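# Coordinate analysis (summary)
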Amino acid sequence: MPSVTGRGKLLVSEASWSLGANLATTIAATVTVLIGMFLLGLFIALGTWTVSWSNHVKRELVVKVDFVHNATWAQETEYARRLQSNPYVKGGGIRYVSKEVGLRQMQKLYPGLSQNLAENPLPDRLDVTPNSPENVDKLYNSITGAHKSASVLDVIDGKKVSHRILQIAHAIEVVFVLATLVLVAASILLISNTIRLSIFSRRREIEVMKLVGATNWFVRGPFMLEGLICGVLGSMLAVFLLVLGRTFALPAILPNLTSDPDVHAMPFPILAVVLLATGLGLGAVGSGLTIRRFLKV
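Residues numbered from 1 in each chain as written. Predicted model: local features only at pLDDT ≥ 70, side-chain atom pairs only at ≥ 80, totals over all residues. Heavy atoms only, no water.

Before going further, it helps to examine the overall build of the protein chain. A tally of helices and strands in the protein chain yields nine helices and four strands. Listing the helices and strands of the protein chain from first to last along the sequence gives α-α-β-α-β-α-β-α-β-α-α-α-α. Buried positions account for 38% of the 297 residues belonging to the protein chain. Across the protein chain, the fraction of contacts at a sequence separation of at least 24, relative to all contacts at a separation of at least 6, is 85%. Carbon together with sulfur atoms contributes 66% to the accessible area of the protein chain, which is approximately 17300 Å² in total. (Helix = DSSP H or I, 4+ residues; strand = E, 2+ residues; numbered from the N terminus. Buried < 20%, exposed > 50% of the residue type's maximum accessible area, 1.4 Å probe, protein only. Contact = heavy atoms within 4.5 Å. Areas by Shrake-Rupley, 256 points an atom, 1.4 Å probe, with all protein chains shown as cover.)

In this section: the packing of aromatic side chains. The tally for this structure, following the rule as stated, stands at two aromatic pairs. The interplanar angle of 85° and the centroid separation of 5.9 Å between the aromatic rings of phenylalanine 67 and tyrosine 79 together place this pair among those described as edge-to-face. Remark: tyrosine 79 occurs in helix α3 (residues 73–83) and phenylalanine 67 occurs in strand β1 (residues 63–67); sequence separation between them is twelve residues. You'll find phenylalanine 67 and tyrosine 79 in the same group, each marked buried. Aromatic side chains tryptophan 73 and tyrosine 96 sit 5.4 Å apart centroid to centroid with 90° between the ring planes, which places their arrangement in the edge-to-face category. Of this pair, tryptophan 73 sits in helix α3 while tyrosine 96 sits in strand β2 (residues 89–97), and the two are 23 residues apart along the sequence. (Phe/Tyr/Trp six-rings, centres within 6.5 Å; stacked < 30°, edge-to-face > 60°.)

Right, let's talk about the side chain of glutamate 76 for a bit. On the secondary structure map, glutamate 76 appears in helix α3. Despite its burial, glutamate 76 pairs with no opposite charge, the nearest such side chain being lysine 99 at 8.2 Å. At a separation of 3.1 Å, a polar atom in the side chain of glutamate 76 contacts the side chain of tyrosine 96. Residues in contact with glutamate 76, not counting those within four places in the same chain, are Phe67, Ala71, Tyr96 and Asp124. (Lys, Arg positive; Asp, Glu negative; His and termini not counted. Salt bridge = Lys/Arg side-chain N within 4 Å of Asp/Glu carboxyl O. Polar contact = N/O pair within 3.5 Å; in protein donor to acceptor, adjacent residues only side chain to side chain.)

Together, Val174, Val177, Leu178 and Leu181 make up a nonpolar patch on the protein surface, roughly 350 Å² of accessible area in all. Assignment of secondary structure puts valine 177 in helix α6 (residues 159–201). Classification of valine 177 as partly exposed rests on a relative accessible area of 31%. (Patch = residues over 30% accessible without salt bridge, like charges linked within 9 Å, V, L, I, M, F, W, Y side chains within 5 Å.)

Inspection of α3 places Glu76, Tyr79, Ala80 and Leu83 among the buried residues, and these make up the whole buried set. Projected down its long axis, α3 carries its buried residues within an arc of 100°, all on one side. On its buried face, α3 is in contact with β1, β2, β3 (125–130) and β4 (152–157). (Arc of directions from axis to C-beta.)

A few words now on the nonpolar core. With 22 residues, the main nonpolar core has Val65, Tyr79, Leu83, Leu126, Val128 and Ile143 as its most contacted residues. Contributions of two or more residues to this core are made by α2 (23–60), β1, α3, β3, α5 (136–142) and β4. Setting aside anything within four residues of it in sequence, one finds valine 65 in contact with Tyr79, Asp124, Arg125, Leu126, Val128, Ile143, Val152 and Asp154. In terms of nonpolar packing, the next biggest core, distinct from the first, is built from 21 residues, Met37, Ile188, Ala272 and Ile291 among them. (Core = buried A, V, L, I, M, F, W, Y, C linked by side-chain atoms within 4.5 Å.)

With that out of the way, let us pick up the pattern of salt bridges. Across all of its chains, the model carries five salt bridges by this definition. In this structure, aspartate 127 engages lysine 64 in a salt bridge whose closest nitrogen and oxygen atoms are separated by 3.7 Å. Of the two residues, aspartate 127 is situated in strand β3 and lysine 64 in strand β1; the sequence distance between them amounts to 63 residues. In this structure, arginine 82 and glutamate 78 form a salt bridge, with 3.8 Å as the shortest nitrogen-oxygen distance. Of this pair, arginine 82 and glutamate 78 both sit in helix α3, separated by four residues, roughly a single helical turn. On the basis of relative accessibility, which here comes to 41%, the residue arginine 82 falls in the partly exposed class. Under the relative-accessibility criterion, glutamate 78 is labelled partly exposed at 33%.

All right, on to the side chain of arginine 125 then. By the element assignment, arginine 125 lies in strand β3. Accessibility expressed as a relative area gives 14% for arginine 125, which makes it buried. Within the local environment of arginine 125, its side chain forms a polar contact with the side chain of aspartate 127, the two groups lying 2.8 Å apart. Apart from residues no more than four positions distant in its own chain, arginine 125 is found in contact with Lys64, Val65, Asp66, Phe67, Arg95, Tyr96, Val97, Gly102 and Gln105.

Turning next to the pairing of β1. Of all five residues that make up β1, four are buried, and the element is covered over most of its length. One ladder, built from four bridges, connects β1 with β3; its direction is antiparallel. Bridge pairing links valine 63 to valine 128 in β3. As paired elements, β1 and β4 share five bridges and run antiparallel to each other. Within β4, the residue paired with aspartate 66 across the bridge is aspartate 154. (Pairing = 2+ DSSP bridges.)

This is how it looks when you write it as structure tokens:
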């Protein structure tokens, strides 16, 4: 009776032979897993980066209070003092920005808009940080409408801008999720079809193996291994492509998105392990379902 090592080598040999005999279907299944895992990797990276970025945006949320142009220093100081007792304002979260400082910020961010200005059009303002990102709407409501001071020209809720950006990010996530689900399903179907063709082409050999006393494990093993090989190989290729993208494309893209060090995606080694495990799972599910349905041993 062959040893465990010998049986393992025989299983690998049988699986390799079967994969080669159905090369076109094997390549199709592997490429589908590759595309599915590549998109899944992009989705995980994009999703975790978006969550990290949205948390950063929440921490940076402020309500901007613009004073009327003829507001006096005493009026601005009195309003800031009253804001400090607002239950939705973070302790020490009120920052005064004079119109001169605001103009310098505008010149730095939008140099084209600030050229050839005859006078400074900006008002003095307060940047007010809420005590919790979730309370930014409550803070906004508590200083607008009937609560608005006569010395205040306008109140700008920074969450309005972040809402638009997050809606776009969520739309991108939905597209990636749907595409990934479709490709995962296609991967399982193609792996299943590969195993099914392999079973059909070797049906006589399987009958002979059963007649001479081969165990169910020995008959099913090569087919299960075929699915695992397709899944793992496709995942490894996807990880390789993600490594190339991370090395060459990401350094050119990331500076255009944000330079904040606290905004980051899932660590790449963990992402690679997730993709390999998912590919292995796809191979196991695809081959397991097919063996159970078409291989009655």
